[in-house]
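Coordinate analysis (summary)
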Amino acid sequence: MSEFSQLVFSGVQPTGNLHLGNYLGAIRKFVTLQDSYDCLYCVVDLHSLTATLVHDDLAEQTRGIVAAYLACGLDPKKNIIFNQARVPQHAELAWIFNCVARIGWMNRMTQFKDKAGKDRENASLGLLAYPSLMAADILLYRATHVPVGEDQKQHLELTRDIAQKFNNDFSGRIAALGYGVEMEVGEERVNGFFPLTEPLIEGPATRVMSLRDGTKKMSKSDPSDLSRINLSDDADAIARKIRKAKTDPEPLPGDPEGLAGRPEAENLVGIYAALADMTREGVISEFGGRQFSEFKPALADLAVSKLSPITAEMRRISADPAYVDGVLRDGGERAGARAEETMKMVHQIIGLLAD
């Protein structure tokens, strides 16, 4: 193989309702990417166990993510859509990567520090090691690209570190087996089995912030439902949340530089730009100098027009769980065939006995 085949992988955890940030930062991009890449989109249900082991409705939440994928325009025939637990090779490769990764690498992960808080000794081992599982999710399919938000760039860097160390450690065996792609690592050329996956970060609102605090990311775990617009919200709820969104007393500035130091204003302008497929400069050109009492109704109308059809389609699809399960079953079989091929080669590279 002279080069890695172009392939996109991404996953979403089935925890809580998907919101506007998930749509603008990830799912909408998935729909665009399916026209130019070989794509696998996963519901990473094993990741949902790291913070909360016991879930009352994990299966329904998994189906809900798939319904959102489909409602937003992902084609289950063009893409592979599946849930992680259907493909046990994810966990198998994660164990191997646990042995490749260094403890110091994991300790530097800022998301572990944030989620574990001061009581790190009581955090689960899964919470510490889950970036290794994330690396396995991506590299099991030898994905070359991952659409990620800014907050996930550190985990993708870890994925690259794991791939690079594996390639360095096993370069000779990879070459002998004929599985490698020649790669430059610094001044050295190695035979790489895993690609050094690149991020895909695009668009004017790659990171959507809370409607109640423009310095915090919009999150499914925020206790205030007013902090986010859920994809399941109806038109009245969307309009109410935008109307109540935190702002400052000043009008919108006359140029984008005037948004500096005004996180809530910057967030709402970014949301409008993303929904309208405009630049921030274009939004400021249209609304600069106006009060939020004028801008918020325009943003609410835009959000309702873009999101209401998705909400309606999600409800229609969710009413047919047998169809959703069929999509997952078909996707799991297709993903599993690729995963099995990768793990057979990994076994040979490492030297594990296998049939």
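Data block above holds the structure.
Quick look at the structure, then. (Residues numbered from 1 in each chain as written. Predicted model: local features only at pLDDT ≥ 70, side-chain atom pairs only at ≥ 80, totals over all residues. Heavy atoms only, no water.)

1. Let's talk about the packing of helix α3 (residues 89-100) against helix α6 (residues 125-139)
The N-to-C vectors of α3 and α6 enclose an angle of 120°; their axes lie 8 Å apart at closest approach. Here α3 lies oblique to α6, going by the angle between them. Helix-helix and strand crossings are classified by hand; for α3 and α6 the assignment is right-handed. Contact with α3, carried on its side by His-90, Ala-91, Leu-93, Ala-94, Phe-97 and Asn-98, involves Ala-129, Ser-132, Leu-133, Ala-135, Ala-136, Asp-137 and Leu-139 of α6 and no other residues of that element. A class-by-class count of the residues in the contact of α3 with α6 yields 9 nonpolar, 3 polar and 1 charged. (Axes fitted to C-alpha atoms, helices over the stretch in contact; angles between N-to-C directions. Helix = DSSP H or I, 4+ residues; strand = E, 2+ residues; numbered from the N terminus. Parallel < 35°, antiparallel > 145°, perpendicular 65-115°, else oblique. Left-handed = near helix turned anticlockwise from the far one by under 90°. Contact = heavy atoms within 4.5 Å. Nonpolar A, V, L, I, M, F, W, Y, C, P; charged D, E, K, R; others polar.)

2. A word on the environment of Asp-236
By secondary structure assignment, the location of Asp-236 is in helix α9 (residues 235-244). For Asp-236, a relative accessible area of 61% corresponds to the exposed category. (Buried < 20%, exposed > 50% of the residue type's maximum accessible area, 1.4 Å probe, protein only.)

3. Looking at the pairing of strand β6 (residues 188-192)
Here 5 bridges tie strand β5 (residues 181-185) to β6, and the two strands are oriented antiparallel to one another. Each residue of the ladder has a partner; that of Glu-182, found in β6, is Asn-191. Connecting β5 to the next strand, β6, in antiparallel fashion are 2 residues, including Gly-186 with a positive phi near 65°. (Pairing = 2+ DSSP bridges.)

Read these as geometric descriptors, not functional statements.
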